[in-house]
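# Understanding the architecture of this molecule
Chain by chain, the residues run as shown.
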Amino acid sequence: MELISQGAEAKIYRTTFLGKPVIVKQRFKKKYRHPQLDSRLITRRLVQEARSLVKARKCGVLTPILYQVDVFNHSLIMEDLGKSTVMLKHYLNNNQQKQAAPLLKEFGELISKMHNSDLIHGDLTTSNVMVKKVIRKKEEEKKEIEKEKEKEKEKENENEIETEKEREMEKEKLIMIDFGLSFSSTNSEEKAVDLYVLERAFLSTHPNSKQLFDIVLKSYSENSNNKQKIMTRLEKVRRRGRKRSMVG
Amino acid sequence: MTHEICDWNETKNESSKITIKFFSKINNAENIFSLVKKGEIEKCFINPETIISEEHLLMATIRARRNQKNNSMKTRTIESEILWCLSPYKGVGMAFKHFGLQENFTEAIVLSFEEQPDFSVIQGEELAFNDSILQKHSNVDKIKDIYQISEDEIQLTSLKESVIMKMSVNNLRL
């Protein structure tokens, strides 16, 4: 078991669980707080994060699989996404805008799916989205090889269609992570703030961030159920400043 | 099939041994039922209709074990705790009703924590306990209904994964 990182709220370990590689996110106790209060607080946050992960899946957003919630150790045991994934942040730094565009479009769709189900992520940044290459399983590969052999004997046109299908299967998928600050809300103000946090994140980590964020935002508004209200709110939030919510 | 299970923060020395068997064509259901009710069998009997994969059952088992270790079981024995951990319902009765022995059952998954478990009391045919057998004997519609899993969720990854995720947030006490 190795400790891979430590944030303000939790430690992240990498280990194996029931033979599987997993990531364990353990929230630690804050000794400056009253122990009973502290225990309740971290349990509540833990449960909120766990429920948000499940809710995200329910509305069609991929997340790491949550295997267990260890309430006694205030930990979440999740799937280790492994070396086949890379942060969207790194992906954008290493690829041109043209290639990244479909992923950014998908990102907008995913955020709109969450917001349509009243799920606020709370910490939308490009470090909290992972890009995964879809690896074909060995069985599928064998079938593909057999199909290819059969089709080699047939017309060239059919081979072209086959390669298109291959490309589709190798399409990259986006996986959302870190729901530590997420919560449920119908409030369009909160949703606008969620988007604003992402906009600021883009500004501070990527060059030509405006164009990148515009792709995300456009895709978001195309898929949002409450586009008008949220967009007008977003304008207001922009004028106000960082992470400023008018509510509470 | 025997497993050595241990929690994420435990070493292999602290692991527990469990034995899981799948029995089909059981002909002494009434006898087993009465023995279980009397508490004379220290094994967990699970309804195979409700189990979709090995992982599914193991996840619930390890949670039950963790509850026992922390003196925080909702039920009286670890065997019944496994059934409660499988269940998305608050009440223990519902857990037994869906995941436990059904009336006039002919198939059962039997799990034991004993060092040298004796399965001779069960008169039936033993099948292997693995994913392919479990998938054949499971009732997918029933599982989707109990865990309230929609088609969209299954499309996203698979039924196996959806069940594990749903189960992980069962009965989380605040």
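Calculation criteria
Residues numbered from 1 in each chain as written. Chains lettered and ligands numbered in written order. Predicted model: local features only at pLDDT ≥ 70, side-chain atom pairs only at ≥ 80, totals over all residues. Heavy atoms only, no water. UniProt positions renumbered as here; feature names shortened; annotations may be inferred. Helix = DSSP H or I, 4+ residues; strand = E, 2+ residues; numbered from the N terminus. Contact = heavy atoms within 4.5 Å. Areas by Shrake-Rupley, 256 points an atom, 1.4 Å probe, with all protein chains shown as cover. Pairing = 2+ DSSP bridges. Axes fitted to C-alpha atoms, helices over the stretch in contact; angles between N-to-C directions. Buried < 20%, exposed > 50% of the residue type's maximum accessible area, 1.4 Å probe, protein only. Phe/Tyr/Trp six-rings, centres within 6.5 Å; stacked < 30°, edge-to-face > 60°. Lys NZ or Arg CZ within 6 Å of the ring centre and 35° of its normal. 1 Å grid on protein atoms, 1.4 Å probe; cavity = no way out; pocket = protein on both sides within 12 Å on 5 of 7 lines; lining within 4 Å. Points joined across faces, edges and corners; volume = space filled by probe spheres on them. Nonpolar A, V, L, I, M, F, W, Y, C, P; charged D, E, K, R; others polar.

The name given to chain B in an unreviewed UniProt entry is Cgi-121 family member, and the organism recorded there is Anaeramoeba flamelloides. The Sequence similarities (unreviewed entry) field of the UniProt record for chain B holds the comment "Belongs to the CGI121/TPRKB family." As its UniProt record puts it under Subcellular location (unreviewed entry), chain B is described as follows: "Nucleus".

Within an unreviewed UniProt entry, the label attached to chain A reads non-specific serine/threonine protein kinase, and the organism entered is Anaeramoeba flamelloides. Quoted verbatim from the Sequence similarities (unreviewed entry) field of the UniProt record, the comment on chain A reads "Belongs to the protein kinase superfamily. BUD32 family."

## Here's the deal with the overall build of chain A
When helices and strands are counted, chain A shows eight helices and 10 strands. Long-range pairs, those at least 24 residues apart, make up 67% of the contacts in chain A between residues at least 6 apart in sequence. Per element, the accessible surface of chain A, about 14,300 Å² overall, is 48% carbon and sulfur.

## Things to note about the sheet that holds strand E3 (residues 20-27) of chain A
Residue and element names in this part refer to chain A. Spatially, the five strands line up as an open sheet ordered E1-E2-E3-E5-E4, and their pairing is antiparallel. Of all strands in the sheet, those with a lone pairing partner are strand E1 (2-6) and strand E4 (66-70), marking the two edges. Neighbouring strand axes in the sheet, compared pairwise and without regard to direction, differ in orientation by 25 degrees on average. Across four bridges, the pairing between E1 and strand E2 (residues 10-17) is antiparallel.

## Let's talk about the pairing of strand E2 (residues 16-24) of chain B
Residues and elements named next belong to chain B. The buried fraction of E2 is high, at seven of nine residues. Looking at chain direction, strand E1 (residues 2-5) and E2 are connected through four bridges and run antiparallel. Following the sheet pairing, Glu4 is matched in E2 by Lys17. As judged from the three bridges shared by E2 and strand E5 (residues 125-127), these two strands associate in the antiparallel manner. Opposite Phe23, over in E5, you have Glu126 as the bridge partner.

## Here we look at unusual backbone geometry
Of note in the backbone geometry, Asp178(A) takes a positive phi value of approximately 55 degrees without being a glycine. Residue position: Asp178(A) is located in the loop between strand E9 (172-176) and strand E10 (183-184). By relative accessible area, Asp178(A) is classed as partly exposed at 31%. With phi around 45 degrees, Asn171(B) is a residue other than glycine that occupies positive phi space. Structurally, Asn171(B) can be placed in the segment after helix H8 (159-168).

## Overview of the side chain of Glu49(A)
Residue and element names in this part refer to chain A. With respect to the helices and strands, Glu49 occurs in helix H1 (residues 35-58). Judged by its relative accessible area of 2%, Glu49 falls in the buried class. The residues touching Glu49, leaving out its near neighbours within four places in the chain, are Lys25, Arg27, Leu76, Asp178, Phe179 and Gly180.

## Some words on the packing of aromatic side chains
All told, the structure shown has five aromatic pairs over all chains when counted by the stated rule. With centroids separated by 6.1 Å and ring planes inclined at 35 degrees, the aromatic side chains of Phe23(B) and Phe119(B) adopt a geometry described as tilted. With Phe23(B) in strand E2 and Phe119(B) in the loop between strand E4 (108-112) and E5, this pair connects stretches of sequence that are 96 residues apart. Of the residues examined, Phe23(B) reaches a relative accessible area of 5% and is grouped as buried. Directly above the aromatic system of Tyr67(A) lies the positively charged group of Lys20(A), at a separation of 5.7 Å from the ring centroid.

## Comments concerning empty space enclosed by the protein
Left-over empty space is what a probe sized like a water molecule reveals as it rolls over the atoms. Within this structure, the stated rule accounts for three cavities of 30 Å³ or more. Lining the largest cavity, in full, are Tyr67(A), Gln68(A), Val69(A), Met59(B), Ala60(B), Arg63(B), Arg66(B), Cys85(B), Ile164(B), Met167(B), Ser168(B) and Leu172(B). Secondary structure elements with two or more residues in the lining of the largest cavity: E4 of chain A together with helix H2 (54-69) and H8 of chain B. Residue composition of the lining of the largest cavity, grouped by class: eight nonpolar, two polar and two charged. In this structure, the second largest cavity encloses a volume near 40 Å³. The wall of the second largest cavity is formed by Glu9(A), Phe28(A), Lys30(A), Arg33(A), Ile42(A) and Arg45(A). For the lining of the second largest cavity, a count of residues per class yields two nonpolar, no polar and four charged.

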